[in-house]
Amino acid sequence: QVQLVESGGGLVQAGGSLRLSCAASGSILTINAVAWYRQAPGKQRELVASIISRGGTTNYAGSVKGRFTISRDNAKNTVYLQMNSLKPEDTAVYLCNANIRTTVTLTENYWGQGTQVTVSS
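The sections below set out a description of the structure shown in this document. (Residues numbered from 1 in each chain as written. Predicted model: local features only at pLDDT ≥ 70, side-chain atom pairs only at ≥ 80, totals over all residues. Heavy atoms only, no water.)

## Focus on unusual backbone geometry
Step number 1: If you check the backbone angles, Asn77 has positive phi at about 50° while not being a glycine.
Step number 2: Here Asn77 falls in the partly exposed class, since its relative accessible area comes to 30%.
Step number 3: In this model, Ser85 sits at a positive phi of 50°, which is unusual for a non-glycine residue.
Step number 4: Within the fold, Ser85 resides in the loop between β8 (78-83) and β9 (92-101). (Buried < 20%, exposed > 50% of the residue type's maximum accessible area, 1.4 Å probe, protein only. Helix = DSSP H or I, 4+ residues; strand = E, 2+ residues; numbered from the N terminus.)

Structure below.
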């Protein structure tokens, strides 16, 4: 009953910017936290950034800190990842993962389908 949909990926030249969105829909009581991951061929999946929905506390991987910004719009059940100064090393499929309470007693993690980000040099 819960769906996460990522959008905003694409092809961009090194130094450019993209803004990714992760929109949650369905039977949602609360979204507790959301994280962005990325996975590139031949590389281990990496946690890029995370945010606590209510307080707004954020964390970033060292490789993106200072370039990426995670934010949320709680009213829209949407989390964003603003990516600036993109590098070829940022090329990957970006996926969001959300910890969501759907009933009084059930809280689970959900994954989106992913959106491709390709940075050319």
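## Re the sheet that holds strand β1 (residues 2-7)
Step number 1: Across the sheet, which stays open at both edges, the 4 strands sit in the order β1-β3-β8-β7 with antiparallel pairing between neighbours. Looking at the sheet topology across the chains shown, the edges are occupied by β1 and β7 (68-73). Averaged over all adjacent pairs, the angle separating strand axes in this sheet is 15°, with direction ignored. (Pairing = 2+ DSSP bridges. Axes fitted to C-alpha atoms, helices over the stretch in contact; angles between N-to-C directions.)

## A closer look at the packing of aromatic side chains
Step number 1: Applying the stated criterion across every chain, the model contains 1 aromatic pair.
Step number 2: Seen from their ring centres, Tyr37 and Trp111 are 5.1 Å apart, and the 50° between their planes marks the pair as tilted. Placement of the pair is Tyr37 in strand β4 (residues 30-39) and Trp111 in strand β10 (residues 107-111), with a sequence separation of 74 residues.
Step number 3: Its end group placed over the ring of Tyr37, Arg45 keeps NZ or CZ at 5.2 Å from the ring centre. (Phe/Tyr/Trp six-rings, centres within 6.5 Å; stacked < 30°, edge-to-face > 60°. Lys NZ or Arg CZ within 6 Å of the ring centre and 35° of its normal.)

Just distances and angles here, no functional claims.
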